[in-house]
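Letter by letter, the chains look like this.
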Amino acid sequence: MDIDPKLALRAMREALQKYPGFESYGPKLIARTLFQGHALMLECAVQPPRDDPNAWEFQNSVVKRYQSLAGVP
């Protein structure tokens, strides 16, 4: 799956408005190939703390917004 960089940037910006603390980790939307299909997830230049309660919500916010913008089910 190819990720549209413009849509990914838009989705990221929208999520960072809700979760601005994650900008310093250098997040990037990526698609990982699975046995069947793919999975969208974030890859960070610096790993956020594992116990951050908003880490999962931030990733979900980016992924779901990207899927909505790109028309990906």
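### Some details on the overall build of the protein
- Regarding its fold elements, the protein presents 2 helices and 2 strands.
- The secondary structure elements of the protein, listed N-terminal to C-terminal, are α-β-β-α.
- In terms of overall dimensions, the protein is globule-like: its C-alpha atoms have a radius of gyration of 12 Å, near the 11 Å expected for 73 residues.
- Each of the three principal axes of the protein carries a C-alpha extent, and together these read 30 × 25 × 20 Å.
- For the protein, the residues scored as buried account for 27% of the 73 residues in total.
- Total accessible area on the protein stands at roughly 5200 Å², and carbon and sulfur atoms take up 50% of it.

### Quick look at the pairing of strand β1 (residues 27-33)
- Where β1 and strand β2 (residues 38-44) come together, 7 bridges link them in antiparallel fashion. Each bridged residue has a counterpart across the sheet, and for Ala31 the counterpart in β2 is Leu40.
- As consecutive antiparallel partners, β1 and β2 are separated by 4 residues, and within that stretch Gly37 has a phi angle of approximately 90 degrees, a positive value.

### What about the nonpolar core?
- One finds Met12, Phe22, Leu29, Leu42, Phe58, Val62 and Tyr66 to be the most contacted residues of the largest nonpolar core, which totals 15 residues.
- Residue assignment for this core shows that the elements contributing at least two residues are α1 (5-18), β2 and α2 (55-70).
- When residues in this core are grouped by element, the largest group, 5 residues, is from α1.
- Aside from chain neighbours lying at most four places away, what touches Phe22 is Leu16, Pro27, Pro48, Asp52, Asn54, Ala55 and Phe58.

Cut-off values and rules
Residues numbered from 1 in each chain as written. Predicted model: local features only at pLDDT ≥ 70, side-chain atom pairs only at ≥ 80, totals over all residues. Heavy atoms only, no water. Helix = DSSP H or I, 4+ residues; strand = E, 2+ residues; numbered from the N terminus. Rg over C-alpha atoms; globule rule 2.2 N^0.38 Å. Buried < 20%, exposed > 50% of the residue type's maximum accessible area, 1.4 Å probe, protein only. Areas by Shrake-Rupley, 256 points an atom, 1.4 Å probe, with all protein chains shown as cover. Pairing = 2+ DSSP bridges. Core = buried A, V, L, I, M, F, W, Y, C linked by side-chain atoms within 4.5 Å. Contact = heavy atoms within 4.5 Å.

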